[in-house]
Amino acid sequence: MISTIGFIGLGAMGEPMCKNLAKGSGKKVLAYDLASEPLERLVAEGVQKGEDALQVARESDVLFLSLPSGQHVKSLMLGEDGIASELKQGATVVDLSTPP
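So, here's what we can say about the structure.

Basis of the calculations
Residues numbered from 1 in each chain as written. Predicted model: local features only at pLDDT ≥ 70, side-chain atom pairs only at ≥ 80, totals over all residues. Heavy atoms only, no water. Salt bridge = Lys/Arg side-chain N within 4 Å of Asp/Glu carboxyl O. Buried < 20%, exposed > 50% of the residue type's maximum accessible area, 1.4 Å probe, protein only. Helix = DSSP H or I, 4+ residues; strand = E, 2+ residues; numbered from the N terminus. Arc of directions from axis to C-beta. Contact = heavy atoms within 4.5 Å. Phe/Tyr/Trp six-rings, centres within 6.5 Å; stacked < 30°, edge-to-face > 60°. Pairing = 2+ DSSP bridges. Right-handed = clockwise from strand over helix to strand, strands pointing away.

1. Looking at the pattern of salt bridges
Oppositely charged side chains can form a pair if their charged atoms are brought close together. Scanning the entire structure with this criterion turns up seven salt bridges. With a shortest N-O distance of 3.1 Å, Lys49 and Glu40 are connected by a salt bridge. Within the structure, one salt-bridge network assembled from shared partners comprises Lys19, Lys23 and Glu45.

Okay, structure coming up:
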């Protein structure tokens, strides 16, 4: 059962997709981005602001990533402070990022 949708990466593609999930899913949407501006706009649309990527990963049943490249995804998931080990058991990760 999906109770929380996470979204990391709120650039030109990620912000509108996150907004649509918040408006149409009926689920809690928790988002994070390095830039504060898109987060603030999405909070006005009902998205909850994540403290950091780790918190979003820990709380999400489905996690969307919309990052600039595959290298960014690899670093976020498997880097020194990678989030892969923090995902809930059975969580689904959807990579929407631009290929390398």
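Don't stop here, the text continues.
2. A closer look at helix 1 (residues 14-24)
One full turn of an α-helix is made of 3.6 residues, so residues set three or four places apart face in the same direction. All of the buried residues along helix 1 are Gly14, Glu15, Cys18, Leu21 and Ala22. Along helix 1, the residues classed as buried sweep out an arc of 125° about the axis, all on the same side. Structural note: helix 1 exposes Asn20, Lys23 and Gly24 on the side pointing more than 90 degrees away from its buried face. On its buried face, helix 1 sits against strand 1 (4-8), strand 2 (28-32), helix 2 (36-43) and strand 4 (62-65). Just downstream of helix 1, Gly26 is the residue with a positive phi angle, here 75°.

3. Description of the packing of aromatic side chains
Enumeration over the complete set of coordinates arrives at one aromatic pair. Seen in terms of ring centroids, Phe7 and Phe64 are 5.7 Å apart; in terms of plane orientation they differ by 15°. Their pairing is stacked. Here Phe7, found in strand 1, pairs with Phe64, found in strand 4; they are 57 residues apart in sequence, far enough to count as distant. Its relative accessible area of 0% is what places Phe7 among the buried residues. On the basis of relative accessible area, Phe64 is assigned to the buried category, the value being 17%.

4. Here we look at the pairing of strand 5 (residues 92-95)
Direction of pairing for strand 4 relative to strand 5: parallel, over a ladder of four bridges. Within strand 5, the residue paired with Phe64 across the bridge is Val94. One crossover worth recording links strand 4 to the parallel strand 5 by way of helix 4 (residues 70-78), and it is right-handed.

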